[in-house]
Amino acid sequence: MSESTRKKVSAGLARRRRKERVFRMTGLLATTVGIVFLVVFFVDLIGKGSSAFRQTFVNLEVNFDAAIVAPDGSVDLQYADFDALARNALRGLFPEVSGRGPLRELNQLLSVGAGYQLRDMLVENPDLLGMTQSVWLPASSNVDMLQKGNIDASIDASLRTISDAQLAWIDALQRTGRLELHWNRAFFTNGDSREPELAGIRGALVGSFYMLLVTLVLALPIGVAAAIYLEEFAPRNRWSDLIEVNINNLAAVPSIVFGLLGLAVFINWAALPRSAPLVGGLVLSLLTLPVIIIASRAAIKAVPPSIRNAALGLGASRMQVVFHHVMPLSLPGMLTGAIIGMSRALGESAPLLMIGMVAFIVDVPAGLSDPATALPVQIYLWADSPERAFAERTSAAIMVLLGFLMLMNLVAVVLRKRMEQKW
Amino acid sequence: MPDRMAKANVTLPEQPSEIGKTVGNIRSANPYIVAENVNVYYGDNHAIRNVSLEIGTKEVIALIGPSGCGKSTFLRCLNRMNDSIESARVTGHITLAGTDICSKELDPVALRARVGIVFQKPNPFPKSIYDNVAYGPRIHGLAANRAELDNIVHTSLERAGLLKEVIDRLDEPGTGLSGGQQQRLCIARTIAVDPEVILMDEPCSALDPIATARIEDLMYELAEDYSIVIVTHSMQQAARVSQRVAYFHLGSLVEVDETNKIFTNPRHRLTEDYITGRIG
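In this report, we go over the structure that sits alongside the text. (Residues numbered from 1 in each chain as written. Chains lettered and ligands numbered in written order. Predicted model: local features only at pLDDT ≥ 70, side-chain atom pairs only at ≥ 80, totals over all residues. Heavy atoms only, no water.)

All names here are of chain B. One open sheet holds the four strands; their spatial order is E3-E2-E5-E6, and the pairing between them is antiparallel. The open sheet has two edge strands, strand E3 (45-56) and strand E6 (99-100), and neither has a second partner. Sheet topology places strand E2 (residues 31-42) next to E3; eight bridges connect them, and they run antiparallel. Across the sheet, residue Tyr-41 finds its bridge partner in E3, namely His-46. (Pairing = 2+ DSSP bridges. Helix = DSSP H or I, 4+ residues; strand = E, 2+ residues; numbered from the N terminus.)

For the structure shown, the criterion picks out 13 aromatic pairs over all chains. With centroids separated by 6.3 Å and ring planes inclined at 45°, the aromatic side chains of Phe94(A) and Trp169(A) adopt a geometry described as tilted. Here Phe94(A) is found in the loop between helix H3 (82-93) and helix H4 (100-107), whereas its partner Trp169(A) is found in helix H7 (residues 164-175), with 75 residues between them in sequence. Ring centres of Trp382(A) and Phe390(A) lie 6.0 Å apart, and the angle between their planes is 25°; on these two criteria the pair is classed as stacked. Given the relative accessible area of 3%, Phe390(A) is considered buried. Taking NZ or CZ as reference, Arg189(B) lies 4.5 Å from the ring centre of Phe125(B), over its face. (Phe/Tyr/Trp six-rings, centres within 6.5 Å; stacked < 30°, edge-to-face > 60°. Buried < 20%, exposed > 50% of the residue type's maximum accessible area, 1.4 Å probe, protein only. Lys NZ or Arg CZ within 6 Å of the ring centre and 35° of its normal.)

All names here are of chain A. What the largest pocket holds in volume is close to 980 Å³. Of the residues forming the lining of the largest pocket, the biggest block, four residues, is contributed by helix H13 (residues 305-313). Residues of the lining of the largest pocket, tallied by class, amount to 16 nonpolar, five polar and 13 charged. For the second largest pocket, the calculated volume is near 670 Å³. Along the wall of the second largest pocket there are 24 residues; nearest its centre are Gln-117, Asp-120, Ala-186, Thr-189 and Asn-190. Broken down by secondary-structure element, the contributors of at least two residues to the lining of the second largest pocket are strand E1 (54-63), helix H5 (113-124), strand E3 (179-183) and helix H8 (186-189). When residues in the lining of the second largest pocket are grouped by element, the largest group, six residues, is from H5. (1 Å grid on protein atoms, 1.4 Å probe; cavity = no way out; pocket = protein on both sides within 12 Å on 5 of 7 lines; lining within 4 Å. Points joined across faces, edges and corners; volume = space filled by probe spheres on them. Nonpolar A, V, L, I, M, F, W, Y, C, P; charged D, E, K, R; others polar.)

Laid out in structure tokens, this is it:
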């Protein structure tokens, strides 16, 4: 290399290095910003939501008084006043309280769920009738919020949801060790409720599960079959180009449009029940299909042509080539696409709003046609609720949803690693 | 090696140099495959122009020529592998032992069981060595039970000269073998179906000289039972393994003759230029 050439090269070196450094720093900065936002999101979410997994309970000596719940000898589970048992037990701790107003304030410390819990206990163990037992009963959401520090007791009484008298009782209960935070089982076993302390995600979880089941059963076989047909059998012409373009477009269509389609076709035309996981699953199948088809086609394309040629050259029919060679090799890619599509479906709320899954539904759905809601819709509903205690539940439900999404993505990664074949 | 002194012919004025009419002898004494006026089009591209050629029974014929001359395309006509290329169109007549193999009624699946093919790059299935060889017999239902299948697999591996090397690891993946072993596995896989003709599309171009020598030895042995059509870029290989050589140029069959005649006394100028290294 001549002297002058060498000089030119070295003159450019500093500039090239500087450019490279700037590029690297930009990349680093972008990554850092992304990670910072993610950390902020998770810290905020967990900080707000983790308290929902614990719930305030009051310890009471409950007398299952036969005179109250079984005035005529037998317990009428539907109409017996189980709430009175809890009320009497609480009143026993504060005998000095009298008068309608103060008594009502005292009763407000307990959740309306207290009576249901006592009833369930009696159903499970009828021998309790007439006996006295120490029971932890759920406190009302206001007590719970106070315990978790979400209600400021120092502000003027007219500005807070807990009165001065209630504050004093809560204080007394706490001093005697009768007020404790326990594991919030109800959050996972209950359906939705107007009372935050009784509201749980069970109904939404089961609804989401049924929908994903329908989606998986429909979208996976149809999507894979469509991908195989388009890749391996369909002639390449203007029609297949048109189909390809449309599938790619469908993958980008806003999800609420699929909801409108579902409303028009499945509910208005096919007269399927509203708010049902069946319809939700159908709509989510339509939403997921393009994703699965595109991913499956990519997986099929990635199978080396030499394998197809080898099988064809041995006299395998096209069908045998597909099922003996192409499918096994592209299955990991197809499943990954399916799971990614499913996790997108799990997080969708907009199309479900259109088909009535946004209704307030307390019962846990028992089948595909029962009214149900879904996790993201439940989050939307709770985020909209005015009660303070729903805020932490919203965050907790988001945590559960994210947990499932991460689990599904993890399954996708593991499946791919497991089934990947080298050639 | 051909006698390079034969270059004295180069200047002979009557040597033809135009393309279109095949010189030499396209006929075989005992033809097994007869191709008449074969044309192949890829869309608008006329890839094979009016090729007629006879391939003898238990004969090794080498197809040579520069890249893109159509020799692989012609080879793929013989077991209808061109069917899988959508734009490809084949005209003309090809018969295999009297059967028209271009007819629409003939199932290419049945044809390919009779005419096996070995590709340029070893392409074993990502399955065990055993399953690679057993695949053909399985799909064609050649073995009634496991013992018969075992027998086919062992015989085929034996004939491909691979049995001794893999007898202890038949259930290991075929993709774990060396390049030369993989190619012999592919040959074993092809002969497991018991074909009548074996097509080889540059079977040694991805292999080292030692593995190449083994495959060539194998071809000698296989030639006792099968007709072999081999496409090769190596003139030495064509000279070593074949009885006849066909020289293709720009889609036309320029010259066909016995191997020693082609290499010692080529009659067409293009053949001459190619084998002396002036084109290609």
